[in-house]
Amino acid sequence: MANAADLTRELINELAFTPEELKELERARTMPITFDEDCPETTPEQAMKFRRVNPVRRVAN
């Protein structure tokens with residue numbers, strides 16, 4: 001991971017969103033979520049069956 005303080009001005013400008021990308025993100029933010037037969041909405045019963053891939057470890061510091 002890079003430190004933001006070490007980035008050059010050119011690299012920062014290159015990594016920034018373009019105005020077109022910002023418009024697309026704003027448009028996507030306002031769109032409703034739609035489900036289809038390939039990706040149905042998760043029911044509460046199905047959600048209860050999910051398990052964390054990396055369980056939280058309770059370690060005393």
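Everything discussed here concerns the structure shown above.
Below, the structure is looked at part by part. Fair warning: this is a prediction, and the values are worked out from it, not measured in the lab. The residue numbers shown here count from 1 along each chain, following its written sequence. Local features in this predicted model are restricted to residues of pLDDT 70 or higher, and side-chain atom pairs are both shown and tallied only at a pLDDT of 80 or more, whereas totals for entire chains, interfaces and linings draw on every residue. Water and hydrogen atoms were dropped before computing side-chain values, which therefore reflect all heavy atoms in the structure.

**Some words on the overall build of the protein**
Point 1. Regarding its fold elements, the protein presents three helices and zero strands.
Point 2. Counting from the N terminus, the helices are DSSP H or I runs at least four residues long and the strands are E runs at least two residues long. Walking the protein from its N terminus toward its C terminus, one meets helices and strands in the order α-α-α.
Point 3. On C-alpha atoms alone, the protein measures out to a radius of gyration of 20 Å, which is more than a quarter above the 10 Å that the 2.2 N^0.38 rule sets for 61 residues.
Point 4. The principal-axis extent of the C-alpha atoms belonging to the protein is close to 50 × 45 × 15 Å.
Point 5. Only the protein chains shown count as cover for residues, and all accessible areas are computed by the Shrake-Rupley method using a 1.4 Å probe. Within the structure as shown, the protein displays about 6,900 Å² of accessible surface, and the carbon and sulfur contribution to it stands at 56%.
Point 6. Note that His is not counted, nor are the chain ends; the positive residues are Lys and Arg, and the negative ones are Asp and Glu. Charge positions come from single atoms, namely NZ of Lys, CZ of Arg, CG of Asp or CD of Glu. Both charge centroids of the protein, one from 9 positive and one from 12 negative side chains, sit 12 Å from each other. Between the two quantities, the radius of gyration covers C-alpha atoms and the globule rule is 2.2 Å times the number of residues to the power 0.38.

**Quick notes on a nonpolar patch on the surface**
Point 1. By definition, no residue in a patch forms a salt bridge, and every one has over 30% relative accessible area; like charges are joined within 9 Å, nonpolar side chains (Val, Leu, Ile, Met, Phe, Trp, Tyr) within 5 Å. Just to be clear on terms, a salt bridge is a Lys or Arg side-chain nitrogen sitting within 4 Å of an Asp or Glu carboxyl oxygen. Taken together, the side chains of Phe17, Leu22 and Leu25 define a hydrophobic patch exposed on the protein surface, amounting to about 300 Å² of accessible area.
Point 2. Structurally, the position occupied by Leu22 is in helix α2 (residues 19-30).

**Remarks on the pattern of salt bridges**
Point 1. By the definition in use, this model includes two salt bridges.
Point 2. In this structure, Arg27 and Glu24 form a salt bridge, with 2.9 Å as the shortest nitrogen-oxygen distance. Residue Arg27 and its partner Glu24 are both found in helix α2; the two are separated by three residues, about one turn of the helix.
Point 3. Note on classification: 1.4 Å probe, protein chains only; a residue is buried when its accessible area is under 20% of the maximum for its type, exposed when over 50%, partly exposed between these limits. We classify Glu24 as partly exposed; its relative accessible area is 42%.
Point 4. Its salt-bridge partner being Arg29, residue Glu26 comes within 2.6 Å of it at the nearest N-O pair. Here Glu26 and its partner Arg29 are both found in helix α2, three residues apart, which amounts to about one turn of the helix.
Point 5. Residue classification places Glu26 among the partly exposed positions, given a relative accessible area of 41%.

**Some points on the environment of Glu14**
Point 1. Note that Glu14 resides in helix α1 (residues 9-15).
Point 2. Overall, the relative accessible area of 64% leaves Glu14 in the exposed class.
Point 3. Distance from Glu14 to Glu41, taken between C-alpha atoms, is 37 Å for residues 27 residues apart in sequence.

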